[in-house]
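The residues making up each chain are set out below.
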Amino acid sequence: MNTPYRIIVPSEDRDRAELIMHVVAMRLGTPMEAVMRAGRLTRPAVRVRRVSLYLAHVALGWPLERVGYAFGINRQTAGTACTRIEEARDEPNLNALLEQLTQTLQTLCETPPVTDLTDAA
């Protein structure tokens with residue numbers, strides 16, 4: 001019986017993984033419904049997923065095991081996705097996109113939350 005690969009993961013990691021997928025899907029023009037659907041993914045949805053896994057590993061510095069846990073897959077699948085994106089970095093457009101997304105995600109995920117806003121904001 002095939003059961004999904006699940007392990008207890010901090011909600012913060014899952015939130016960041018979801019944020020990464022949303023940002024990547026928006027930037028690549030792929031609807032999130034296509035990325036999150038059950039069953040076989042379309043080619044654009046697979047690319048969003050691979051780029052998201054790669055960025056979690058590279059931009060956030062997560063080890064592949066943590067990437068896998070956060071995205072609900074195993075470490076080997078995360079590693080394969082990262083390898084595919086790394087091999088495709090020769091594409092000039094992809095390389096520039098990855099650099100932009102890396103900076104954006106580092107800013108979003110690594111900057112401490114703003115907690116001192118007034119009630120009026």
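Because the structure is predicted, anything quoted here is derived from the model rather than measured.

This part is about the overall build of the chain. Looking only at helices and strands, one finds six helices and zero strands in the chain. Against the compact-globule benchmark of 14 Å for 121 residues, the chain has a radius of gyration of 15 Å, which places it among compact chains. Referenced to the eigenvectors of the C-alpha coordinate spread, the extents of the chain come out at roughly 50 × 40 × 25 Å. Taking all 121 residues of the chain together, the buried fraction comes to 36%. When contacts within the chain are restricted to residue pairs at least 6 apart in sequence, long-range pairs at least 24 apart make up 60% of them.

Turning next to the side chain of Arg-89. Looking at where Arg-89 falls in the secondary structure, it is placed in the loop between helix H5 (75-87) and helix H6 (92-110). Exposure remark for Arg-89: the relative accessible area of 17% places this residue in the buried category. The contact partners of Arg-89, leaving out residues within four places of it in the chain, are Tyr-54, Leu-94, Asn-95, Leu-98 and Glu-99.

Counting residues in each nonpolar core, the largest one holds 34 residues, and the members touching the most others are Leu-55 and Phe-71. Within the residue set of this core, elements represented by two or more residues are helix H1 (11-28), helix H2 (32-36), helix H3 (43-58), helix H4 (64-71), H5 and H6. At seven residues, the largest contribution of residues to this core is made by H3. Leaving out residues up to four positions away in the same chain, Leu-55 has contacts with Ile-20, Val-24, Leu-60, Leu-98, Leu-101, Thr-102 and Leu-105.

Think of two packed helices as two axes; the pair is described by the angle between the axes and how far apart they sit. Here H1 crosses H6 at 145 degrees, and the two axes come no closer than 11 Å. Every pair of crossing elements has a handedness; the one defined by H1 and H6 is right-handed. Each of Arg-16, Leu-19, Ile-20, Val-23, Val-24, Arg-27 and Leu-28 in H1 lies in contact with H6, whose residues at this interface are Leu-97, Gln-100, Leu-101, Leu-105, Leu-108 and Cys-109. Here the residues of the contact of H1 with H6 sort into 10 nonpolar, one polar and two charged.

A few words on the pattern of salt bridges. Tallied over the entire structure, the rule returns four salt bridges. The residue Arg-16 makes a salt bridge to Glu-12 at a minimum N-O spacing of 3.2 Å. Taken as a pair, Arg-16 and Glu-12 lie in helix H1 at a separation of four residues, close to a single helical turn. Across the pair Arg-89 and Glu-99 runs a salt bridge, and its minimum N-O distance is 2.8 Å. Highlighted residues: Arg-89 in the loop between H5 and H6 and Glu-99 in helix H6, separated in sequence by 10 residues. Classification of Glu-99 as partly exposed rests on a relative accessible area of 40%.

A few words now on H6. With 19 residues, H6 ought to run about 27 Å at 1.5 Å a step, and its terminal C-alpha atoms sit 27 Å apart, in line with that. When we look at burial in H6, the residues that qualify are Leu-94, Leu-97, Leu-98, Leu-101, Thr-102, Leu-105 and Cys-109. One side of H6 holds all its buried residues, which, seen down the axis, span an arc of 140 degrees. Exposed and facing more than 90 degrees away from the buried side of H6 are Pro-92, Gln-103 and Thr-107.

Reading the values: rules and limits
- Residues numbered from 1 in each chain as written.
- Predicted model: local features only at pLDDT ≥ 70, side-chain atom pairs only at ≥ 80, totals over all residues.
- Heavy atoms only, no water.
- Helix = DSSP H or I, 4+ residues; strand = E, 2+ residues; numbered from the N terminus.
- Rg over C-alpha atoms; globule rule 2.2 N^0.38 Å.
- Buried < 20%, exposed > 50% of the residue type's maximum accessible area, 1.4 Å probe, protein only.
- Contact = heavy atoms within 4.5 Å.
- Core = buried A, V, L, I, M, F, W, Y, C linked by side-chain atoms within 4.5 Å.
- Axes fitted to C-alpha atoms, helices over the stretch in contact; angles between N-to-C directions.
- Left-handed = near helix turned anticlockwise from the far one by under 90°.
- Nonpolar A, V, L, I, M, F, W, Y, C, P; charged D, E, K, R; others polar.
- Salt bridge = Lys/Arg side-chain N within 4 Å of Asp/Glu carboxyl O.
- Expected span 1.5 Å × (residues − 1).
- Arc of directions from axis to C-beta.

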